[in-house]
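# A structural walkthrough
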Amino acid sequence: MGQPIFPIISMIDINFKVNKTVLLHRINEVDAFDVPLSLQSKDILEIVINNNAMGIDSFTYTFKFSKDKWKAVENDVFKIMNDYEEEQSGKIKSALKRKI
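Reading guide: rules and limits
- Residues numbered from 1 in each chain as written.
- Predicted model: local features only at pLDDT ≥ 70, side-chain atom pairs only at ≥ 80, totals over all residues.
- Heavy atoms only, no water.
- Helix = DSSP H or I, 4+ residues; strand = E, 2+ residues; numbered from the N terminus.
- Phe/Tyr/Trp six-rings, centres within 6.5 Å; stacked < 30°, edge-to-face > 60°.
- Buried < 20%, exposed > 50% of the residue type's maximum accessible area, 1.4 Å probe, protein only.
- Pairing = 2+ DSSP bridges.
- Axes fitted to C-alpha atoms, helices over the stretch in contact; angles between N-to-C directions.
- Contact = heavy atoms within 4.5 Å.
- Expected span 1.5 Å × (residues − 1).
- Arc of directions from axis to C-beta.
- pLDDT = per-residue confidence, 0-100.
- Patch = residues over 30% accessible without salt bridge, like charges linked within 9 Å, V, L, I, M, F, W, Y side chains within 5 Å.
- Areas by Shrake-Rupley, 256 points an atom, 1.4 Å probe, with all protein chains shown as cover.
- Salt bridge = Lys/Arg side-chain N within 4 Å of Asp/Glu carboxyl O.

Another point: the environment of E74. Along the polypeptide, E74 turns up in the loop between strand 3 (69-73) and helix 3 (77-83). Separated by 10 residues in the primary sequence, E74 and K64 have C-alpha atoms spaced 9.6 Å apart.

Structural data, given as structure tokens:
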């Protein structure tokens, strides 16, 4: 999984809450993932955005699947590292449509 990132990071990124809301909206859309997923209650999705600005390596957004939709949860790095293994990785398709 990598190195734990403590929640203090969210206080440094002034856009953390906005980014979390945008990500949450996108991952709950039908076409968000590039492969069909068989999601089960309590599945965890961790999105890590690498960013070397301000000397910070990355920002981590954590979501839990419950009642057929993703919900934002606080990042508990030690629980995730101890209780889960990485199953799949992929890309989130852009929701933006370009007009030419």
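Now for the packing of aromatic side chains. Counted by the stated rule, this structure contains 2 aromatic pairs. Measuring from centroid to centroid gives 4.5 Å for F16 and Y61, while their planes differ by 15°, and the two rings are stacked. Here Y61 lies in strand 2 (residues 58-66) and F16 lies in helix 2 (residues 16-27), a separation of 45 residues in the sequence. Looking at Y61, the relative accessible area reads 1%, which means it is buried.

The next thing to look at is the sheet that holds strand 1 (residues 44-50). Strand order in the open sheet formed by 3 strands is 1-2-3, with antiparallel pairing between adjacent strands. Every interior strand has two partners, whereas the edge strands, strand 1 and strand 3, have only one. With strand direction ignored, the average angle separating the axes of adjacent strands in the sheet is 30°. The pairing of strand 1 with strand 2 spans 7 bridges and is antiparallel. Bridge pairing links I44 to K64 in strand 2. Along the sheet, helix 2 makes contact with strand 1, strand 2 and strand 3, crossing strand 2 at roughly 40°.

For helix 2, with 12 residues, the first-to-last C-alpha span of 16 Å sits near the 16 Å given by 1.5 Å per residue. Every buried residue belonging to helix 2 is among F16, L23, R26 and I27, and all of these are buried. Along helix 2, the residues classed as buried sweep out an arc of 95° about the axis, all on the same side. Facing away from the buried surface of helix 2 by more than 90 degrees, the exposed residues are K17, V18, T21, V22 and H25.

Next up on the list: the pairing of strand 2. Taken across its 9 residues, strand 2 has 7 buried, putting it largely inside the fold. Judged from the 5 bridges that link them, strand 2 and strand 3 form a sheet pairing that is antiparallel. From the neighbouring strand, F63 faces strand 3, where its bridge partner is A72. In sequence, strand 2 turns back onto strand 3 through a hairpin of 2 residues, with K67 there showing a positive phi of about 55°.

Okay, the confidence of the model for the chain next. On average, residues of the chain score 75 in pLDDT, and 55% of them reach the 70 mark or higher. Ranking the elements of the chain by mean pLDDT puts helix 1 (residues 9-12) last, at 52, and strand 3 first, at 95.

Nonpolar side chains collect at one region of the surface, where V35, L37 and L39 lie side by side and expose about 200 Å² of accessible area between them. Note that L39 resides in the loop between helix 2 and strand 1. The class of L39 is partly exposed, set by a relative accessible area of 30%.

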